[in-house]
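Residue-level structure breakdown
Here are the chains, one letter per residue:
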Amino acid sequence: MDFKPVLLWSDILLWALVAGCVVLAVYCRSQDYLRRAWRRVGESAVAMASVTVLAGFVLVGMLDSLHYQPRLPAQDGRTAVQYAPEVLSALDALLAPLRLNREKTYSAPLATHGFAKETMERDGVQVRDFPRLHAGGAHLAEPSHYAADLCRRAATGAFGGLLVWVLLVGVVVGLIALAGRTRYGAACRAVWRPDPEGERPVAWRAALLTALVLCLLGGVAAGWAGGYHVFGTDKVGQDVLYLSLKSVRTALLIGTLTTLVTLPLAVALGLIAGLRGGWWDDAIQYVYTVLNSIPGVLLIAAMVLMMQVIIDTHPDWFETAAERADARLLALCFILGLTSWTGLCRLLRAETLKLRELDYVQAARAFGVGDARIMARHILPNLMHIVLISLVMDFSGLVLSEAVLSYIGIGVDTTMNSFGTLINAARLELSREPVVWWSLAAAFVLMLAMVLAANLFADAVRDAFDPRFQWRARRIHKRAAA
């Protein structure tokens, strides 16, 4: 083969989470109350638009989680197959022009010349001028063709994005027709022109219109990226658009893998403290009170530095730099999970204290049912909406935490792309004159889109699963109908 597959631990966990989401979707479909709750989420146009945006980020993260080592060219006298030490991903292969077309240093978005003047020889005379970029606009024969070329590439890219969207619409409508066992035309009318007097439909139109915007933006960006640097280049000449897309995987891993540590601790300790009470409750309260009294940044910094010492003193544990960076990423997820479970644990404890006094829990205890079975069968199902809402809302907080930690130097490895490292690199660039603003702007735009979509989706999940919000929504709906 021309490449050797590489499986990092973070890749295994990410794909396991994807498989877990598929299993959870199947389970929710088999349970009537969960299916009805998720249908209420789907009826929200804002929620479906947010899910579409998040699906785009997830797609980028999944492509960046298929790693491999490319095969090196055969050398004379050597028959053994050798592979490059650099670990690449499927996203790197798709974005190869962006990754390989480097400049000397800074260049502005969609620029054809460098950002700073250099001394160069022209007609035998040394002059200071802005140098021509190696990749950005190198295909232009005359500078006057710049505006026309940008318009042509934008139109071509938008047309390609429109074709992708039409194909996506065809697939989605076909799946809806197959699931509903209806004709394709009827499914198409149900998506675009739902019956106002019938049952509230799933907001597929909002999702498809959001997908249209994403496809058009992606098509225009792809058209420009074929001949320019869309978001400019950084200090060492790397394409900022490429670095921004590579940072998406890190943000997703921080936001999702941390839940593998947070969820078991928060749920188990919260239920035990609320149900059993006594010294169990006192001990668990003491633990999370002590943790909350310690400044979180200092605790995380101390644990990250200790883990970094272990990684530095055992270089033989890692064959490649990617495995070393992956180990620090997993350590950071573990540390963030250990320091962020206290809020959910306190909330679950308070709710369990109320639920344990209800009649069905008292009846189960009277019949001799054990505490573990009571927690699993009677209490936890009534708290799952709180768990789900908290996890979705904590996702955005964890993404922002990674950016802050990487900014102060205790986040992910410096060789790993992340929004925090982009912001940290842009810190000194903002003090230049003129200001190099595009690295910070690219990280800000993508982080804003991801966090805003996650927050809006969390609001929709809260409205669908929280009984108090369901009651309020029914009252508003009755008033509107009256």
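This text follows the structure it describes.
Residues numbered from 1 in each chain as written. Predicted model: local features only at pLDDT ≥ 70, side-chain atom pairs only at ≥ 80, totals over all residues. Heavy atoms only, no water.

Quick look at the overall build of the protein chain now. From N to C terminus, the protein chain includes 18 helices and five strands. For the protein chain, the spread of C-alpha atoms along the principal axes amounts to about 100 × 65 × 55 Å. Taking the intrachain contacts of the protein chain between residues at least 6 apart in sequence as the baseline, contacts between residues at least 24 apart amount to 71%. Charge centroids of the protein chain, computed over 45 positive and 39 negative side chains, lie 9 Å from each other. (Helix = DSSP H or I, 4+ residues; strand = E, 2+ residues; numbered from the N terminus. Contact = heavy atoms within 4.5 Å. Lys, Arg positive; Asp, Glu negative; His and termini not counted. Charge placed at Lys NZ, Arg CZ, Asp CG, Glu CD.)

We now examine the layout of surface pockets. Taken as a whole, the second largest pocket holds about 1,400 Å³ of empty space. Broken down by secondary-structure element, the contributors of at least two residues to the lining of the second largest pocket are helix H3 (45-63), helix H4 (90-94), helix H5 (96-100), helix H8 (204-225), helix H9 (240-276) and helix H17 (438-465). Here the element with the most residues in the lining of the second largest pocket is H8; it accounts for twelve residues. For the lining of the second largest pocket, the residue count by class is 31 nonpolar, five polar and no charged. (1 Å grid on protein atoms, 1.4 Å probe; cavity = no way out; pocket = protein on both sides within 12 Å on 5 of 7 lines; lining within 4 Å. Points joined across faces, edges and corners; volume = space filled by probe spheres on them. Nonpolar A, V, L, I, M, F, W, Y, C, P; charged D, E, K, R; others polar.)

With that out of the way, let us pick up the side chain of Thr262. As for its placement among the helices and strands, Thr262 is situated in helix H9. On the accessibility criterion, Thr262 (5% relative accessible area) is buried. (Buried < 20%, exposed > 50% of the residue type's maximum accessible area, 1.4 Å probe, protein only.)

Moving on, we come to the sheet that holds strand S1 (residues 3-6). Taken in spatial order, the three strands line up as S1-S2-S3 in an open sheet, and their pairing is antiparallel. Whereas interior strands pair on both sides, the edge strands pair on one side only; in this sheet they are S1 and strand S3 (88-89). Judged from the four bridges that link them, S1 and strand S2 (residues 67-70) form a sheet pairing that is antiparallel. Its bridge partner lying in S2, Pro5 is registered against Tyr68. (Pairing = 2+ DSSP bridges.)

With that settled, consider the nonpolar core. In terms of nonpolar packing, the biggest core is built from 40 residues, with Val41, Val248, Phe419, Met450 and Phe465 touching the most fellow members. Among the elements that line this core, the one with the most residues is H17, at 13 residues. Grouped together as the second largest cluster of nonpolar side chains are 21 residues, Ala273, Ile284, Leu344 and Ile386 included. (Core = buried A, V, L, I, M, F, W, Y, C linked by side-chain atoms within 4.5 Å.)

This part covers the pairing of S2. As judged from the two bridges shared by S2 and S3, these two strands associate in the antiparallel manner. Opposite Tyr68, over in S3, you have Leu88 as the bridge partner.

Attention now moves to the environment of Leu162. Counting through the fold element by element, Leu162 comes out in helix H6 (residues 146-180). In the structure, Leu162 is positioned 49 residues away from Ala211 in sequence and 9.9 Å away in space, judged by C-alpha atoms. Excluding residues that lie within four positions of it along the chain, Leu162 makes contacts with Leu212 and Leu216.

Another point: the packing of aromatic side chains. Here the structure, examined in full by the defined rule, presents seven aromatic pairs. For the ring pair Trp437 and Trp438, a centre distance of 5.7 Å and an interplane angle of 80° mean the geometry is edge-to-face. The exposure class assigned to Trp437 is partly exposed, which follows from its relative accessible area of 47%. Within the aromatic cluster, the residues linked to one another by ring pairs are Phe115, Trp437 and Trp438. (Phe/Tyr/Trp six-rings, centres within 6.5 Å; stacked < 30°, edge-to-face > 60°.)

A cluster of nonpolar side chains, Val46, Phe444, Val445, Leu448, Leu452 and Leu456, forms an exposed patch at the surface whose accessible area comes to about 530 Å². By residue number, the principal contributor to the nonpolar patch is H17, which donates five residues. (Patch = residues over 30% accessible without salt bridge, like charges linked within 9 Å, V, L, I, M, F, W, Y side chains within 5 Å. Areas by Shrake-Rupley, 256 points an atom, 1.4 Å probe, with all protein chains shown as cover. Salt bridge = Lys/Arg side-chain N within 4 Å of Asp/Glu carboxyl O.)

Moving on: the environment of Ser65. You can see Ser65 is positioned in the loop between H3 and S2. Taking relative accessible area as the criterion, Ser65 reaches 2% and is therefore assigned buried. Note: C-alpha distance between Ser65 and Leu24 (41 residues apart in sequence) is 22 Å. Residue contacts for Ser65: discarding those within four places in its chain leaves Asp11, Leu14, Trp15 and Arg249. Side-chain polar atoms of Ser65 contact the backbone oxygen of Gly61, separated by 2.8 Å. (Polar contact = N/O pair within 3.5 Å; in protein donor to acceptor, adjacent residues only side chain to side chain.)

Sheet topology note: the strand S4 (residues 118-122)/strand S5 (residues 125-129) ladder contains five bridges and is antiparallel. Residue pairing for S5: Thr119 is matched across the bridge by Arg128. Where S4 hands over to S5, the hairpin turn is made up of two residues, of which Asp123 adopts a positive phi near 60°.

This paragraph deals with the pattern of salt bridges. Under the definition given, this model contains 14 salt bridges. We note a salt bridge from Asp371 to Arg276, for which the minimum N-O separation is 3.3 Å. One end of the pair, Asp371, is in helix H15 (residues 371-407); the other, Arg276, is in helix H9, with 95 residues separating them in the sequence. Counted as one network, the salt bridges with shared partners bring together Asp32, Arg35 and Arg36.

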